[in-house]
Amino acid sequence: MAIEEPEIIDTSKMSAGQRAAIELTEAARTAPGGKTFAAGLFMGEFNLAGISPFPIQSDDDRARGDVFLKKLESLLRDAVDADEIDRTGEIPEVVIDALAKLGAFGIKIPEEYGGLGLSQTNYCRAAMLLGSWCGSTTALLSAHQSIGVPQPLILFGTEEQKKKYLPRVARGEISAFALTETGVGSDPATMTTRAEPTPDGNAFIINGEKLWCTNGTKAGVIVVMAKTPAKIVNGKSKEQITAFIVETNWPGVEVICRCRFMGLKALYNGVLRFKDVRVPRENILLAEGKGLRVALTTLDTGRLTLPGACAGLSKRCLEISRKWAGERVQWGSPIGKHAAIAEKLARMAANTFAMESMVLLAASSVDKDKHADVRLDAALCKLWATEASWEIVNDAMQIRGGRGYETADSLRKRGETPFAIERFLRDSRINTIFEGSSEIMRLFIAREMLDPHLKVAGAVLNSKLPTSHRLRATAKAFGFYARWYPAQWLPASASGIRNAALKRHLRYAARTAHRLARGIFHSMARHGPKLEREQLLLFRFVNIGAELFAIAAVCLRADKMSGGAGDGEVLGLADYFCKAAQLRIEENFRHVARNTDRASYHVAREMLEGKLADVERGIVNSEGEN
Ligand SMILES: Cc1cc2nc3c(=O)[nH]c(=O)nc-3n(C[C@H](O)[C@H](O)[C@H](O)COP(=O)(O)OP(=O)(O)OC[C@H]3O[C@@H](n4cnc5c(N)ncnc54)[C@H](O)[C@@H]3O)c2cc1C
C-alpha cells in the first residue's frame with residue numbers, strides 16, 4: 001500500500017508529526033505477496049494447509065548446516081570466553097578472525113559471492129547456538145548479517161554491488177546499519193541526516209549523525225539511511241528516505257564515541273558522524289526514496305535472528321534451572337519439587353519449545369520461497385520470543401536464588417559452577433527494545449491485522465475523499481461483509497493432525513480465530529477511524545493472534561515429532577503449553593470487555609501535566625530540592 005492511495009488511512013485529522021510518521025511508514029510497506037498463515041489468523045482463517053504437516057528441515061539441508069554448526073560449536077566452547085568478553089568489554093581479534101575463517105560472517109551469502117550459502121533455517125540454528133553462549137558475539141554476527149550490508153544487498157543489490165561488497169563482507173569485513181539518531185528512535189520521519197545530490201547528479205553528499213550504530217566502531221561498510229530531496233507525488237511534496245552503502249574509510253566518516261550498555265558489554269556500538277561524505281549514486285540500495293522499504297524489508301527476515309538467539313538463550317536457562325532445581329535441596333526436598341518452582345520450570349520448557357517451533361515455522365517459509373511475505377510471521381516471532389525469553393531468564397534468576405544474582409566470576413572464585421544467569425539477564429533486556437520495540441511490533445502487527453478491513457472499508461470512513469467515492473466504497477464494503485461476517489459465526493475445524501488432545505487445541509484455536517476476527521470487526525464498528533488510537537485494545541488482539549500462531553506451531557511440531565498417535569513426552573508438553581496459552585487468550589478477551597484503559601490514560605495525562613507531584617515527593621530527585 002503506498003501513500004499514492006490515500007483512501008486507506010485518513011490522516012487529515014492527525015497532527016503534522018503523526019501524519020508524517022504514518023505516511024512515511026505507509027509508503028514503505030511492501031506490497032503483500034501471498035497470504036501467510038499468520039496473516040489469515042486475524043481475518044478468522046485458521047488455514048493449516050500451507051504449514052501442515054510441520055515443515056521439517058530436509059536431511060540434506062540439515063547435514064549442510066551440521067557441518068558448519070559443529071565447527072561453530074567447537075569454536076565457541078574452545079575459544080570464546082563469554083565471561084571474559086563481558087568483563088573486558090572486548091571480543092578478542094583472534095576470535096573475530098576465527099569466526100571469519102569459519103564463514104560465520106557470510107552464513108546466508110550465496111557461495112558464488114564467497115559465503116556459505118546456508119538456508120534461513122540453518123542461519124536460525126546458528127543464532128540459537130550463539131544465543132546460548134555469548135550475547136556480544138551473537139550481536140556482532142547478527143547486526144552484521146541480519147541488518148548490516150549482506151541482507152539488503154542479497155535482497156535489493158545490483159549485480160555490480162553484490163560482486164563488489166558481498167565477498168568482502170562474507171570474508172569478515174564487518175558491516176552495520178545506521179538508522180537511529182538522537183531524535184529518531186521508533187519514528188524515522190524526524191530524521192535529520194541528509195544526502196544532497198551533487199550538481200552533476202553522480203553522487204550524494206551525506207551530512208548527519210547516527211546514534212547507537214551496532215558494529216559501527218569496527219565496521220568497514222555501513223548501510224546509512226538519509227533524507228534525500230523531497231519529491232512531488234500527486235501534487236504534494238513527499239519526504240524521501242534513501243539507503244546508501246557507505247565505506248567507513250571514505251573522507252568525512254568519523255566515530256565520535258563508543259556507547260556502553262547495561263549488557264552486551266562488548267558491543268562495538270557507537271555514535272557516527274558523516275561530514276560532507278561523498279557517496280557515488282551507484283551505492284544507493286534499491287532506488288532513491290526507497291530507503292525505508294529497504295530497512296523494513298531487511299528487517300522482515302532479519303527479525304528472525306533475534307528469536308532464534310532467544311530460543312538458544314532460553315534453552316540454556318532451562319538447562320541451568322533444571323539442573324539446579326534437581327540438586328538444590330531446601331525445606332527437605334529438591335526445590336524443583338516445590339510447586340512454585342515446578343510451575344516455573346514447566347512454563348520455561350513449554351515456552352522455549354514454542355519459541356523454537358515458531359522460529360522454525362517462519363524460517364521454513366523463507367526457505368520455501370525467498371520472496372515469501374513473512375512480515376507478520378517474523379514480527380509475531382520477534383514479539384513473542386523476546387518477551388517470553390525475558391520472562392524465562394528472569395525465572396532462571398529466581399530459581400538460582402542468590403546465585404542467579406551473583407556474577408559468574410564471583411561464583412568461580414568461590415569454587416561454584418559459574419553459571420552466568422546474571423550476564424544473560426543483562427544481555428537480554430535490550431531484546432524487547434531494539435529491532436522494533438514490543439510496542440512498535442504490536443503497532444506494526446495491528447496495522448497488518450487491520451489492512452484487509454482498511455482495504456475494504458477504509459474509503460468509507462475517509463473524510464478526505466469525495467462523497468461519490470465513499471458511496472461506491474460503502475456498497476463494496478457492504479457486499480464483502482455480508483458474506484464475510486456470517487462466516488465468522490460458523491463452526492470452525494482444524495484437520496491435518498493425528499493426536500486427539502492436540503486436535504482439540506487446534507479446534508479451539510480455529511474457533512478463537514473466528515472470535516478474534518469478530519472482535520476486531522466489532523471494535524472497528526464501535527470506534528471507526530479512532531480505533532487506531534485505541535492502542536491497548538489493538539494490542540490485546542495482537543496478543544491473541546500471537547498465541548494462536550504459537551498454538552499452531554506447537555501442535556503441528558509436537559504431532560510431527562511424536563509420530564502422531566503415540567503419547568510421547570513432547571505431547572504432554574504441547575498439551576500444557578496450549579492450556580496455558582488458552583488462559584492467556586481468555587484473559588486478553590476478558591480485558592477487551594472490561595479494563596482500566598481510560599483510567600490509566602487519565603492518570604498518565606495528569607502526571608504529564610505536572611499533577612500528582614506528591615507521588616514523587618520525598619526522594620533525591622534530578623531537579624534539586626522538592
Ligand atoms: C544496544 C543497542 C543497539 C542498537 N543498535 C542499532 C543499530 O545497529 N542501528 C540502528 O539504527 N539503531 C540501533 N539501535 C536503536 C534501537 O533500534 C532504538 O533504541 C529503538 O528503535 C527504539 O528507539 P528509542 O530508544 O529512541 O526509543 P523511542 O522511540 O524514543 O521509544 C521510547 C519508548 O516509547 C515507545 N514508543 C515509541 N513510539 C510509540 C508509539 N507510537 N506507541 C507506543 N509506544 C511507543 C517505545 O516502544 C519505547 O518503549 C540500538 C539501540 C541499542 C540500545
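Overview of the structure.

What counts as what
- Residues numbered from 1 in each chain as written.
- Predicted model: local features only at pLDDT ≥ 70, side-chain atom pairs only at ≥ 80, totals over all residues.
- Heavy atoms only, no water.
- Salt bridge = Lys/Arg side-chain N within 4 Å of Asp/Glu carboxyl O.
- Helix = DSSP H or I, 4+ residues; strand = E, 2+ residues; numbered from the N terminus.
- Buried < 20%, exposed > 50% of the residue type's maximum accessible area, 1.4 Å probe, protein only.
- 1 Å grid on protein atoms, 1.4 Å probe; cavity = no way out; pocket = protein on both sides within 12 Å on 5 of 7 lines; lining within 4 Å.
- Points joined across faces, edges and corners; volume = space filled by probe spheres on them.
- Nonpolar A, V, L, I, M, F, W, Y, C, P; charged D, E, K, R; others polar.
- Axes fitted to C-alpha atoms, helices over the stretch in contact; angles between N-to-C directions.
- Parallel < 35°, antiparallel > 145°, perpendicular 65-115°, else oblique.
- Left-handed = near helix turned anticlockwise from the far one by under 90°.
- Contact = heavy atoms within 4.5 Å.

## Here's the deal with the pattern of salt bridges
Item 1. For the structure shown, the criterion picks out 47 salt bridges.
Item 2. Residue Arg 423 pairs with Asp 83 through a salt bridge whose shortest N-O separation is 3.0 Å. With Arg 423 in helix α16 (residues 421–428) and Asp 83 in helix α4 (residues 82–88), the pair connects residues that are 340 residues apart, well separated along the chain.
Item 3. Arg 423 sits in the buried class, given a relative accessible area of 6%.
Item 4. With a relative accessible area of 11%, Asp 83 lands in the buried category.
Item 5. Of the charged contacts, one joins Arg 605 and Glu 609 as a salt bridge, the two residues approaching to 3.9 Å between their closest N and O atoms.

## Describing the layout of surface pockets
If you roll a probe as big as a water molecule over the atoms, it shows you where there is empty space left.
Item 1. Taken as a whole, the second largest pocket encloses approximately 650 Å³ of empty space.
Item 2. Together, 27 residues line the second largest pocket, and Gln 57, Arg 62, Arg 125, Glu 356 and Leu 360 are the ones closest to its centre.
Item 3. At six residues, helix α3 (residues 59–79) tops the list of elements feeding residues into the lining of the second largest pocket.
Item 4. Residue classes in the lining of the second largest pocket are distributed as eight nonpolar, six polar and 13 charged.

## Points about the packing of helix α19 (residues 500–527) against helix α20 (residues 535–561)
If you want to describe how two helices pack, look at the angle between their axes and the distance between the axes.
Item 1. As a packed pair, α19 and α20 sit with axes 10 Å apart at the nearest point and diverge in direction by 160°. Here α19 lies roughly antiparallel to α20, going by the angle between them. As for how α19 packs across α20, the hand of that crossing is left-handed. Together, Leu 502, His 505, Leu 506, Ala 509, Thr 512, Ala 513, Leu 516, Gly 519, Ile 520, Ser 523 and His 527 of α19 and Leu 537, Phe 541, Ile 544, Gly 545, Leu 548, Ile 551, Ala 552, Cys 555, Leu 556, Ala 558 and Asp 559 of α20 make up the contact between the two elements.
Item 2. The class makeup of the residues in the contact of α19 with α20 is 15 nonpolar, six polar and one charged.

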